[in-house]
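# Overview (structure and organization)
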Amino acid sequence: MQQFTMAGAAADIVEVGQRLLLGGLIAGHDGNISVRLNEKEILVTPAGRSKGDLQPSELLLVDLEGRMAPNVAAAGLKPTSELPMHLAVYRQNPQVRAVVHAHSPFATAFAAAGRTLQGSSLPEVTECLGHVPLLPFAEPGTQQLADAVGEAAKERRAALLEAHGSVAWGADLRQAYYRIEELELACKIEFLASFLSKKS
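Residues numbered from 1 in each chain as written. Predicted model: local features only at pLDDT ≥ 70, side-chain atom pairs only at ≥ 80, totals over all residues. Heavy atoms only, no water.

A count of helices and strands for the protein chain gives 6 helices and 7 strands. When the helices and strands of the protein chain are listed from N to C terminus, the series reads α-β-β-β-α-β-α-α-β-α-β-β-α. Burial status across the protein chain gives 47% buried among its 200 residues. Nonlocal contacts in the protein chain, meaning residues at least 24 apart in sequence, comprise 64% of its contacts between residues at least 6 apart. Working note: accessible area of the protein chain is about 9,600 Å², and carbon and sulfur atoms make up 53% of it. (Helix = DSSP H or I, 4+ residues; strand = E, 2+ residues; numbered from the N terminus. Buried < 20%, exposed > 50% of the residue type's maximum accessible area, 1.4 Å probe, protein only. Contact = heavy atoms within 4.5 Å. Areas by Shrake-Rupley, 256 points an atom, 1.4 Å probe, with all protein chains shown as cover.)

Below is the structure:
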């Protein structure tokens, strides 16, 4: 397995957090990000912090069981409540090295309405994302949600979470982030196309 340095992964997480906020894909304390550094360690965002103004010192190192490593600089912080979901993805698909969860408006609207992109005619969806499942509602932060997302990660690249948001993973953080972007754009285009077809 390729080794990612903690400093490099931390810088990437901070950058992606800023891009998520500036791109309107998250608000407030929404969303969470993680990077798998090696076979045993994961760097993850803390709970209760805006992902748009994170500092590298606020990121938390955990193992695959979710146990937090001693980190003086991050004293008092706790990992995101969605850590079980991230861990499930890494356990089920060893090729995944990063996970991004967002509450982007159009993807979340699709999820809230119980809609998915299955059968989308957009070539970008097929090429970049493949089939994006809509996973049944499970309370955020629960093992039920983690198990459903982990199962999807075996063969899929992203998922919509009913009444919750979107999540994507990839071979590195940029790929995971780009999949979140692509999913949001696809949902926006599908929505606008549906609206316009009703007007014609």
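The structure having been displayed, the exposition proceeds.
A word on the side chain of Ser-104. Structurally, the position occupied by Ser-104 is in the loop between strand E4 (98-102) and helix H3 (105-112). Using a relative accessible area of 0% as the deciding quantity, one classes Ser-104 as buried. Other than its neighbours up to four places away in sequence, Ser-104 contacts Leu-25, Ser-166 and Glu-184.

The final tally for this structure, using the stated rule, is 5 salt bridges. Across the pair Glu-58 and Arg-49 runs a salt bridge, and its minimum N-O distance is 3.0 Å. The class of Arg-49 is partly exposed, set by a relative accessible area of 32%. With its nearest N and O atoms 3.1 Å apart, the salt bridge here joins Glu-151 to Lys-154. By sharing partners, the salt bridges in this structure join Glu-15, Arg-19 and Arg-174 into a single network. (Salt bridge = Lys/Arg side-chain N within 4 Å of Asp/Glu carboxyl O.)

Moving on, we come to the sheet that holds strand E5 (residues 134-135). The mixed open sheet is built from 7 strands, whose spatial order is E3-E2-E1-E4-E7-E6-E5. With partners counted over all chains shown, the strands left at the sheet margins are strand E3 (60-63) and E5, one partner each. As defined by bridge partners, strand E1 (residues 32-36) adjoins E4 across 4 bridges and the pair is classed as antiparallel. Paired with Val-35 across the strands is Ala-98, a residue of E4. Strands E1, strand E2 (41-44), E3 and E4 of the sheet are contacted by helix H1 (residues 6-22), whose axis makes an angle of about 155 degrees with E1. Lying over the sheet, helix H2 (residues 83-92) contacts E1, E2, E3, E4, strand E6 (158-161) and strand E7 (165-170), oriented at roughly 35 degrees with respect to E1. (Pairing = 2+ DSSP bridges. Axes fitted to C-alpha atoms, helices over the stretch in contact; angles between N-to-C directions.)

A full pass over the atoms with the stated rule returns 2 aromatic pairs. A ring pair is formed by Phe-106 and Phe-191, whose centres lie 5.8 Å apart and whose planes are at 55 degrees; its orientation type is tilted. One end of the pair, Phe-106, is in helix H3; the other, Phe-191, is in helix H6 (residues 173-199), and 85 residues separate them in sequence. Among the residues examined, Phe-191 registers a relative accessible area of 40% and is labelled partly exposed. Ring centres of Tyr-177 and Tyr-178 lie 5.9 Å apart, and the angle between their planes is 55 degrees; this geometry places the pair in the tilted category. (Phe/Tyr/Trp six-rings, centres within 6.5 Å; stacked < 30°, edge-to-face > 60°.)

This next bit is on H3. Think of an α-helix as turning once every 3.6 residues; residues three or four places apart then point the same way. Considered for burial, the residues of H3 that qualify are Ala-107, Thr-108, Phe-110 and Ala-111. Within H3, the buried residues cover an arc of 155 degrees as seen down the axis, which keeps them to one side. In the segment just after H3, Gly-114 is the residue with positive phi, at about 75 degrees. (Arc of directions from axis to C-beta.)

The next subject is the environment of Leu-21. Turning to its location among the elements, Leu-21 is positioned in helix H1. Sequence-wise, Leu-21 and Ala-102 are 81 residues apart; in three dimensions their C-alpha atoms are separated by 9.8 Å. Every residue in contact with Leu-21, bar those within four places of it in the chain, is listed here: Ile-26, Ala-27, Ser-50 and Gly-52.

Grouped together as the largest cluster of nonpolar side chains are 36 residues, with contacts concentrated most on Ile-13, Leu-20, Leu-43, Leu-173 and Leu-183. Here this core takes 7 residues from H6, the largest share from any one element. Ignoring anything within four residues of it in the chain, the contact list for Leu-173 reads Asp-12, Ile-13, Val-16, Ile-33, Ser-34, Val-35, Ala-98 and Val-100. Formed by 23 residues, the second largest nonpolar core is a distinct cluster that contains Leu-64, Met-85, Val-149 and Ala-152. (Core = buried A, V, L, I, M, F, W, Y, C linked by side-chain atoms within 4.5 Å.)

None of this, on its own, says anything about what the molecule does.
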